[in-house]
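# Results of the structural survey
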Amino acid sequence: MKILVVGLGYVGTTLLAAINSKFRNIDLIGLDKSEKLIETFKKNIFPTYEKDLEKYFSLNNFNNLEFKTSLDNDYKFDYIIICVGTPIDNKKKIINTMLFKSLESIKKNMNKKTVLIIRSSVKVGTTDIIKKIIFKNQKINLAYCPERTVEGNAVKEIFRLPQYIGTQDQYTKNKTNTFFSKLTKTKINFKSFKEPEFLKLLDNYYRDTKFGFANEVAILCE
């Protein structure tokens, strides 16, 4: 099995570590455009703080783990997981530039059986746009499976939290469930992309509200 994780920020790094520790006998590649970042990974230096991160990466499980800034055209993957950032500009508008560019760049590394999983935080309806615009409504095995972990304890939460899975066909549903069954016991499936997109944002809203309330109480106490 060949697995590609695109984007080695906090989300991509922790997912890569989780996959490396749970899968066996796979080719696993972490891809990022930053040469400086890739060089640090090759030296076993991980800029993301995460408890026991080195331990998860040190578990070999007979895996072939590599870090790259680019890929050859003839290298095809069974699973490609997109974890690139989707920041906002000064007008609080979501910037999808990195997301769309990463999708364009990995088209050459897909075949008819490749499952493409979007894990980045996106506005509701974005995955439908990806299917219609980036892939021009061609046959594609596309899933939206958001990350919902807390920084510093993300790998353990990947193993513990239910995984949302949004798909539109049975083949992609089956393959995506098979993939995440190695990481967590509970999978919650949806028949559209919009439901897990919305739930991901609700999780963010809830967490922001908790942090905001705690900060307000701290200010009042001071």
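Before any of the text, the structure's been laid out above.
No experiment lies behind these values; they were computed from the predicted model shown. (Residues numbered from 1 in each chain as written. Predicted model: local features only at pLDDT ≥ 70, side-chain atom pairs only at ≥ 80, totals over all residues. Heavy atoms only, no water.)

### Things to note about the side chain of Glu147
In this fold, Glu147 is placed in the loop between strand S6 (141–144) and helix H6 (154–160). Judged by relative accessible area, Glu147 falls into the buried class, the value being 7%. With near-sequence residues (within four places) excluded, Glu147 lies in contact with Tyr10, Val11, Arg119 and Lys200. (Helix = DSSP H or I, 4+ residues; strand = E, 2+ residues; numbered from the N terminus. Buried < 20%, exposed > 50% of the residue type's maximum accessible area, 1.4 Å probe, protein only. Contact = heavy atoms within 4.5 Å.)

### Examining the environment of Leu4
In this fold, Leu4 is placed in strand S1 (residues 2–6). A C-alpha to C-alpha distance of 9.8 Å links Leu4 and Glu66, two positions 62 residues apart in sequence. Discounting residues that sit within four places of it in the chain, Leu4 has contacts with Ile29, Leu31, Leu71, Phe77, Tyr79, Ile80, Ile81 and Ile106.

### What to know about the packing of aromatic side chains
In total, this model carries 11 aromatic pairs according to the counting rule given. Aromatic side chains Phe46 and Phe57 sit 4.5 Å apart centroid to centroid with 10° between the ring planes, which places their arrangement in the stacked category. Residue Phe46 is found in the loop between helix H2 (35–42) and helix H3 (53–58), and its partner Phe57 is found in helix H3; the two are separated by 11 residues along the sequence. Pair check on accessibility: Phe46 and Phe57 agree, each one buried. With 6.0 Å between their ring centres and 80° between their planes, Tyr164 and Phe190 make a pair best called edge-to-face. In this pair, Tyr164 sits in strand S7 (residues 163–166) while Phe190 sits in strand S8 (residues 187–190), placing the two residues 26 residues apart along the sequence. Assigned by exposure class, Tyr164 and Phe190 land together as buried. Linked through ring pairs, Phe23, Tyr79, Phe179 and Phe180 together constitute an aromatic cluster. Taking NZ or CZ as reference, Lys107 lies 5.5 Å from the ring centre of Phe135, over its face. Lying over the aromatic face of Tyr164, Arg148 brings its terminal NZ or CZ to 4.0 Å of the ring centre. (Phe/Tyr/Trp six-rings, centres within 6.5 Å; stacked < 30°, edge-to-face > 60°. Lys NZ or Arg CZ within 6 Å of the ring centre and 35° of its normal.)

### A short note on the layout of surface pockets
When its volume is computed, the largest pocket comes out at roughly 1,000 Å³. Val11, Cys83, Val84, Gly85 and Thr86 are the residues nearest the centre of the largest pocket, which is lined by 40 residues in total. Those elements giving two or more residues to the lining of the largest pocket turn out to be helix H1 (10–22), helix H4 (97–106) and helix H8 (194–221). No other element matches H8, which puts 8 residues into the lining of the largest pocket. (1 Å grid on protein atoms, 1.4 Å probe; cavity = no way out; pocket = protein on both sides within 12 Å on 5 of 7 lines; lining within 4 Å. Points joined across faces, edges and corners; volume = space filled by probe spheres on them.)

### So, helix H7 (residues 170–180)
Structurally, the α-helix is built with 3.6 residues per turn, so residues lying three or four positions apart point the same way. Within the span of H7, buried status applies to Thr172, Thr176, Asn177, Phe179 and Phe180. Along H7, the residues classed as buried sweep out an arc of 155° about the axis, all on the same side. With a side-chain oxygen lying 3.3 Å from the backbone nitrogen of Tyr171, the N-terminal cap of H7 falls on Asp169. (Arc of directions from axis to C-beta. Polar contact = N/O pair within 3.5 Å; in protein donor to acceptor, adjacent residues only side chain to side chain.)

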